[in-house]
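Secondary and tertiary structure notes
Given next are the chains, with one letter for each unit.
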Amino acid sequence: LGPHYVLSHGDSRVYKPALRLRSVHCPQNPNNQGRSSLPIIGKNIPAMAARGTVVFTSVGRPTYGFDVFCIGVSPECGTVRELVDYRLTDGISVNYNGQFMDDHQTVVFVSERGGAAEIFRTSSADSLAENFRVHRITALPESPFLDRPTVKNGTLYFVSSHEDADRPFKSCSAVYSMPIDGGKVTRLSPPGVVDYSPAISQAGRWIAVASYGSGEWKGDFHEIATEIVVLQTENPTDRVVISGGGWPTWSGDSTLFFHRKCDDGWWSIFRVDLPEKLNESMPSPMIPEPKRITPPGFHALTPAASHSGKWIAIATRRPETKFRHVEMLNLETGSFTRVTESTSPGLHHYNPFVSPSSEFVGYHRFRGESVSGDTIIPELERVRSPIPDLRMLRLTGAFAAFSPDGKYIAFNPEFEGVTGVRILDSTGRRRWTVVKDRVAFSVAWSPKEKGVIYTSLGPIFDSAKATVQIARISFNPMDLDNREEVPAAVTILTRVETGNNAFPSCSPDGRFIVFRSGRSGNKNLYIVDAVEGEDGGQGIRQLTEGEWIDTMPSWSPDGNWIAFSSNRHNIQNPAAFSIYLIRPDGSDLRRVYVAGGPGSSEADRERINHVCFSPDSKWLLFTANMGAVSAEPVSFPNQFQPYGEIFLARLDGTGLRRLTCNAYENGTPAWHDHGDWGLDVESLTLDKLGDKLTGKFDEPLWLTC
């Protein structure tokens, strides 16, 4: 039972608080035989005893520092009036995907200042003087992800992911509307249909969306298989498919522009002129063939049309620059005006938008190093949790591990490269380096020794025979004082000739380490003495064996289980990882079916990694691909796997719950109960410590020139 929204109202769905009953299968069968293939994803499950603090990573996100800017342009010829842009948002958190509400530079935009993607607005023309007044628009406060707001005729249109998908491997994103000053929220997407990127025509009669339809997500994310669909604002149930593509934008009420990837490999902008009486010919109008209007040789993305009908703004990636920039395409002459390459040549600029009078072009970019607002990359950042007693923090770094008392977090500052190992005070006030100038990844804190951390030394993505070693790092906890570097002794526990040894996890008594090793030619699990390594003490023994990949093990706090990811059910697919459990003595091996039962297509599609246990050993916390993508990935900076979200489930696979929902890749979580210490997330000093925010991040690595 839980508050949700089910009240039907005509052809649309009007959302008001109600109670919804959801079936929950019983957990008697550890192998989930006969279970439904539609596990519960989201908030509609009984209250659970999940409490404490979860720390996780979102790839790249802490470095963005986005603010919304605009620049003055000529409405008729599409040229820049002055080579300076003006900031329209206040520098707090990240602010992006803006749209003008009027010609006074008042904008609606997305901001994550509250721990989730929410919609805000500026309140006056004072924005150009950077006298910011920013207000939250209360639209579905329980939604984990809001995106692409736009206002027309007093109505706010936006994307929300607050409704659960009807099955795994399907996005929760859909399009909604509400009065800008508050009122009922109406779903415009049909039930079960996934829609992204809404655009409203000039008079407000038509909505265009990039629709994925009602089918299951196919795993695509470089170019998601969306179609441009047009619907009426007054009768959104009538939908017309225009063409394959994404990110639609209107010029007037009958011309649409959108982007899609062409057969020659270049993303390009297309134009289609719709019948003037589209509503009279619905639902089966004759739609002209869209015309490609940008040439090959560079990528053209995320168009925004001027209502003058003379030009469009686009984001481009040209071979001669590694940065994404905003340009204007004159529709009469076919000439391009490079806008942001002159104002900020060394910064990425994303997702342009145009004012109603066509006198301003907006976009978002890194705010700069010398402006007001947030200038530090926080080591820890609050993230809204869907479970009241489970606090969530985003870490700037990877592979977090809590100290036994929960007062410290060990981590790798970067996901790969010469990252070393750092320790962070869990209150966000101080940090220390214990290993520097070493290629290290994955850390585990000894449950019994406050001054012992384990890590992997060597390259993270490499073959079974590459040299990667398990290291024991010993230091004096009393040295966690005012110094920045803590002296530490590094002891190698594995032999150099044994190949790729990685992902250590410590037994609860601190005596043993379970890890993944490629010494046999296959990546399987081994257990080694936690102090003396494989050449002393209790030595080493093999836990799993086979021609598959067993990796990323985690020892349960009660000592009864070791969880790990494996593709042993589908050896031919190196990405088909699911969760397995095994006893430390090698007995009782079992697969944890999360997305669907044995033999189901959903179970075959699982890609689950970074599994760990809850402090009471009753829950599994992990990264999975079951939530699909929440937005068009090409409109964001690089995310290796933008479908990666944090989930939890019981040890038998029941009670599936999604904890994150955003456009990023989220992973490497850690969980501590903080029962003895009582960490108060609301009082943490999370904005005082971190590196300088410089706006250094990558474009999508697959968007090559």
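Because the structure is predicted, anything quoted here is derived from the model rather than measured.

Taken in spatial order, the four strands make up an open sheet running β45-β46-β47-β48, and their pairing is antiparallel. Edge positions in the sheet fall to β45 (550-555) and β48 (590-592), since each of these pairs with one other strand and no more. Strand-to-strand twist across the sheet, computed as the mean angle between neighbouring axes with direction ignored, equals 30°. As judged from the four bridges shared by β45 and strand β46 (residues 562-566), these two strands associate in the antiparallel manner. In the strand pairing of β46, Trp555 is matched with Ile562.

Take the packing of aromatic side chains next. The description of an aromatic ring pair rests on the distance of the ring centres and on the angle between the ring planes. Enumeration over the complete set of coordinates arrives at 22 aromatic pairs. Ring centres 6.1 Å apart and planes at 20° place the aromatic pair Phe158 and Tyr176 in the stacked group. Residue Phe158 is found in strand β13 (residues 155-160), and its partner Tyr176 is found in strand β14 (residues 174-179); the two are separated by 18 residues along the sequence. Each member of the pair Phe158 and Tyr176 is classed as buried. Aromatic ring contacts, followed pair by pair, group Tyr64, Phe66, Tyr96, Tyr350, Phe636, Tyr664 and Phe697 into a single cluster. Of note, Arg519 hangs over the ring of Tyr526, and the distance from its end group to the ring centre comes to 5.2 Å. The ring of Trp561 is capped by Arg583, whose NZ or CZ atom sits 3.6 Å from the centre of that ring.

Moving on: the confidence of the model for the chain. Residue-level pLDDT values for the chain average 88, and 88% of them are 70 or greater. This model gives residues 1-47 a pLDDT under 50, and the stretch forms 111 contacts once residues within four places in sequence are excluded.

Cut-offs applied
- Residues numbered from 1 in each chain as written.
- Predicted model: local features only at pLDDT ≥ 70, side-chain atom pairs only at ≥ 80, totals over all residues.
- Heavy atoms only, no water.
- Pairing = 2+ DSSP bridges.
- Helix = DSSP H or I, 4+ residues; strand = E, 2+ residues; numbered from the N terminus.
- Axes fitted to C-alpha atoms, helices over the stretch in contact; angles between N-to-C directions.
- Phe/Tyr/Trp six-rings, centres within 6.5 Å; stacked < 30°, edge-to-face > 60°.
- Buried < 20%, exposed > 50% of the residue type's maximum accessible area, 1.4 Å probe, protein only.
- Lys NZ or Arg CZ within 6 Å of the ring centre and 35° of its normal.
- pLDDT = per-residue confidence, 0-100.
- Contact = heavy atoms within 4.5 Å.

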